[in-house]
Amino acid sequence: MLQRTIPIVTARPALAPWLPTQLSGQPDRVERVRVALESAVALALGHTPPGWLRELRLADGEAFVAVAPNLGHDSVESAEIAFDTLRHLLPDTDIYVGAARA
């Protein structure tokens, strides 16, 4: 009797449900920066990864962006794009880009 072998593949961790982006700072300025970030990511990647931007904080002299984890290569690309975009939009600002908690 011929027996079939069924390979066992490790499942990828499930993505957390999309969480709303946490925004902090002067509303008009935060919205302008958020739209610029979304546009830059969409243009560079050809799509906007769902839920990629978890947090955007703008304060005097500082900008902080948290990118969603578990997006694979899109997380790294999005973080690099966010940093470059913030560097051009907010000169003379300390910029921090990192991964959000899972």
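Throughout, a residue's number is its position along its own chain's written sequence, starting from 1. Since the coordinates come from a predicted model, pLDDT governs what is reported: local features require at least 70, and pairs of side-chain atoms require 80 or more to be given and counted, while whole-chain, interface and lining totals use all residues. To get the side-chain values, all heavy atoms of the structure are used, and hydrogens and water are removed first.

1. Topic: the nonpolar core
Here is step 1: What is meant by a nonpolar core is a set of buried Ala, Val, Leu, Ile, Met, Phe, Trp, Tyr and Cys residues, joined one to another through side-chain atoms within 4.5 Å. Classification of residues uses two cut-offs on accessible area relative to the type maximum, computed with a 1.4 Å probe and protein chains only: under 20% is buried, over 50% is exposed, and between them is partly exposed. If you look at the biggest cluster of nonpolar residues, it comprises 19 residues, and the most contacted ones within it are Val33, Leu37, Trp52, Leu56, Leu58, Val65 and Leu86.
Here is step 2: In this text, helices come from DSSP runs of H or I with a minimum length of four residues, and strands from runs of E with a minimum of two, each type numbered from the N-terminal end. A total of 5 residues in this core trace back to one element, the largest contributor, which is helix H1 (residues 27-45).
Here is step 3: Residue contacts are defined here by distance: any two heavy atoms, one from each residue, within 4.5 Å place the two residues in contact. Among all residues touching Trp52, those that are not within four sequence positions of it are Leu37, Glu38, Val41, Ala66, Val67, Ala68, Leu71, Ser78 and Ala82.

2. Thoughts on the environment of Glu38
Here is step 1: The residue Glu38 is located in helix H1 in this model.
Here is step 2: Spatially, the C-alpha atom of Glu38 lies 9.2 Å from that of Trp52, the residues being 14 residues apart in sequence.
Here is step 3: Discounting residues that sit within four places of it in the chain, Glu38 has contacts with Thr48, Trp52 and Leu53.

Any link to function would need more than the numbers given here.
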